[in-house]
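Spelled out from the first residue to the last, the chains are:
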Amino acid sequence: VKSRHFKWDVEYMHWSPDGVEHIVMGINGQFPGPTIRARAGDTIHVELTNKLHTEGVVIHWHGIRQFGTPWADGTASISQCAINPGETFVYRFKADKAGTYFYHGHYGMQRSAGLYGSLIVEVAEGEKEPFQYDGEFNLLLSDWWHKSAHEQEVDLSSQPIRWVGEPQTLLINGRGQYNCSLAARFGNSSVSLCKLRGNEQFAPQILHVHPNKTYRLRIASSTSLASLNLAIGNHKMVVVEADGNYVQPLTVDNLDIYSGESYSVLFTTDQDPSKNYWISVSVRGREPQTPQGLTILNYYPTTVSRLPPSPPPVAPRWDDYEYSRAFSNKILALEGSPKPPAKHDRRIILLNTQNLIDGYTKWAINNISLVLPSTPYLGSIRYNISKAFDRNMPPDHFGHDYDIMNPAPNNNSMYGSGNANMLKPNNSDIHPWHLHGHDFWVLGHGEGKFTEKDEEKFNLKNPPLRNTAVVFPYGWTALRFVADNPGAWAFHCHIEPHLHMGMGVVFAEGVQQVKKIPNQALACGLTKKMFMMKDEHN
Ligand code: C2O
Ligand code: CU
């Protein structure tokens, strides 16, 4: 067991993720940020200095449960105060479980601005994975806009709303192509073939493989909006890990991956070694207006520059939700995984709706749209600061007469019922919900309104443990988790514009049991005031 120390500077820098230069948020001059590698049981220390000129920053370690360190979860206004320009904050936490994770900004829309990177936890020394492989690769997927994250924030908060629209480019490890295409010669591209030397910031990262070997591909999606589908031309993949938990091996031709999810797949290089093959990433769940993200699987000894002879894999239709549901339902826990408790102690029913509040388009959960306070919840609840937020309990259910297929007659108020899913009738979206501080079991998905009867369909035998689960259009998803980690934890849609528009809740879990919170995490709002008063009295 080791301590792994990192010193990071976060700053804006000029960068060309897709061949068009913009500013991105980088760490130590890199985009995406540096990859953290650790072993299960290691302690990770990241000394993060905010080198931005005029805005705060925090970093969330997505998938790390932060047992006993809720203040290191990196959620602005929830677990800590944003780190001010020029200041340094030390994140110190345990990488307790092997798996494929990532980290990202969690203040405003800094994830859209490019603040993310990979976090890979290998099994502890002497431990073995339940599968074997000869080599591994890591792909961090994201989507990229030419409009800045600041402009997107203002657009979304305008009256009437200006939606962010579809991304310009899909990035694989921060690299994509906007003004050219690797697949131009197959005719479905309006731009010409990329002429690359390979050292450009937007040149694809090539995966070099040897024939007749098995490789592990780690895949995580940090997208701001897009739901993706990944395929390797001519190769099958075997899914073995989801969100840091082992799953029953599942052989697939392609894989759906939503924002906030991660997977490991194994593939065997059993194809003709005189060719190279596509690795493609396509948009699903929204009508695609973004070209596929592409890179190359390069077989030794074939030259890298030889492009695959056939077009990139075609993803399932964007609106084939049957396909998406079938894939999600096939992800099951590996035998021997922890099982969910058979019964619940408390049931919370959350209904996700789009509402118009004072003319602003917002998302609401049981009619309350998440607005983040200036004093982080962890500190204000721990120290009982009464004025930090509205102490009325939010509703843990919604009205029984709710018709999820149709907009409510009156949705023009804070407390009026919102509509099923969107303000337009017959319109619904996919929402990948992510829980901080825990993994949950995904007990089931269903269509229409959830009723008591649906409980009979729950999978209590081998449900997958995950930290992100999708709610399909007009559908419900049932999750179960054990509240065993005191803290203030966000539970929200991982689509960043949706979170910005209020699609989330905060669970206050046994906050009184939280041990001493480092002052550094509390140096804002009313908790800061509390310290200043104490000092005066000393
Ligand atoms: Cu990766 Cu709160 O999110
Ligand atoms: Cu959403």
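Presented here is a report on the structure given in the accompanying data block. (Residues numbered from 1 in each chain as written. Chains lettered and ligands numbered in written order. Predicted model: local features only at pLDDT ≥ 70, side-chain atom pairs only at ≥ 80, totals over all residues.)

Before going further, it helps to examine the overall build of the protein. Looking only at helices and strands, one finds five helices and 30 strands in the protein. By the compact-globule yardstick of 24 Å for 538 residues, the protein fits well, its C-alpha radius of gyration being 23 Å. Taken along its principal axes, the extent of the C-alpha atoms in the protein is 75 × 55 × 50 Å. Buried residues in the protein amount to 48% of all 538 residues. (Helix = DSSP H or I, 4+ residues; strand = E, 2+ residues; numbered from the N terminus. Rg over C-alpha atoms; globule rule 2.2 N^0.38 Å. Buried ≥ 20, exposed ≤ 12 C-beta atoms within 10 Å, placed from the backbone.)

Among the nonpolar cores identified, the biggest contains 130 residues, and Leu141, Ile219 and Val265 are the most heavily contacted of them. Ignoring any residue separated from it by four or fewer positions in sequence, one finds Leu141 in contact with Ile172, Ile219, Ala220, Ser221, Ser222, Thr223, Leu228, Ile257 and Val281. (Core = buried A, V, L, I, M, F, W, Y, C linked by C-beta atoms within 7 Å. Contact = placed C-beta atoms within 7 Å.)

Reading across from one edge, 27-24-29-30 is the order of the four strands in this open sheet, with antiparallel pairing throughout. The strands lining the two open edges of the sheet, one partner per strand, are strand 27 (468-471) and strand 30 (504-509). Recorded for the sheet is a direction-independent mean angle of 20° between the axes of neighbouring strands. Strand direction decides the pairing type here: strand 29 (residues 487-493) and strand 30, joined by six bridges, are antiparallel. Bridged to Trp489 within strand 30 is Phe507. (Pairing = 2+ DSSP bridges. Axes fitted to C-alpha atoms, helices over the stretch in contact; angles between N-to-C directions.)

So, on to the sheet that holds strand 1 (residues 3-15). The four strands lie next to each other as 2-1-4-6, forming an open sheet whose pairing is mixed. One side of each edge strand has no neighbouring strand; the edge strands of this open sheet are strand 2 (22-27) and strand 6 (88-94). Pairs of neighbouring strands in the sheet enclose a mean axial angle of 20°, with direction left out of account. The sheet contact formed by strand 4 (residues 43-50) and strand 6 spans seven bridges and is antiparallel. Within strand 6, the position partnered with Thr49 by the bridge is Thr88.

Of note, Arg466 is situated in strand 26 (residues 465-466). Judged by local crowding, Arg466 falls into the buried class, with 25 C-beta atoms found within 10 Å. The sequence separation of Arg466 and Tyr246 amounts to 220 residues, and the corresponding C-alpha distance is 9.8 Å. Once you skip the residues sitting within four places of it in the chain, Arg466 turns out to touch Ala242, Asp243, Asn245, Asp439, Phe440 and Val442.

Attention now goes to the environment of Asn462. Relative to the helices and strands, Asn462 is located in the loop between strand 25 (440-447) and strand 26. For Asn462, the residues in contact, after removing those within four places along its chain, are Leu332 and Ala333.

What follows concerns helix 1 (residues 149-156). Residues of helix 1 that are buried: Ala149, Gln152 and Leu156. Mapping the buried residues of helix 1 onto a view down its axis gives an arc of 55°, with all of them on the same face. Where helix 1 is buried, its residues touch helix 4 (496-500). (Arc of directions from axis to C-beta.)

So, about the environment of Lys457. Note on placement: Lys457 falls in the loop between strand 25 and strand 26. Distance in space between the C-alpha atoms of Lys457 and Gly446 is 9.1 Å, their sequence separation being 11 residues. Apart from the residues lying within four places of it in its own chain, the contact partners of Lys457 are Gly444 and Gly446.

All right, on to the pairing of strand 18 (residues 254-257) then. Burial of strand 18 is two-sided: the residues Asn254 and Asp256 facing one way and the residues Leu255 and Ile257 facing the other way are all buried. The sheet contact formed by strand 15 (residues 227-232) and strand 18 spans four bridges and is antiparallel. Residue pairing across strands places Ala231 opposite Asn254, the latter belonging to strand 18.

Attention now moves to unusual backbone geometry. Here the amide bond leading from Phe31 into Pro32 is cis, since omega sits at -15°, within 30 degrees of zero. Within the fold, Pro32 resides in the loop between strand 2 and strand 3 (36-39). A positive phi angle is found at Ser77, which is not glycine, with a value near 70°. In this structure, Ser77 sits in the loop between strand 5 (59-62) and strand 6. Even without being glycine, Tyr474 reaches a positive phi, approximately 55°. Here Tyr474 lies in the loop between strand 27 and strand 28 (475-480). The exposure class assigned to Tyr474 is partly exposed, which follows from the 17 C-beta atoms found within 10 Å.

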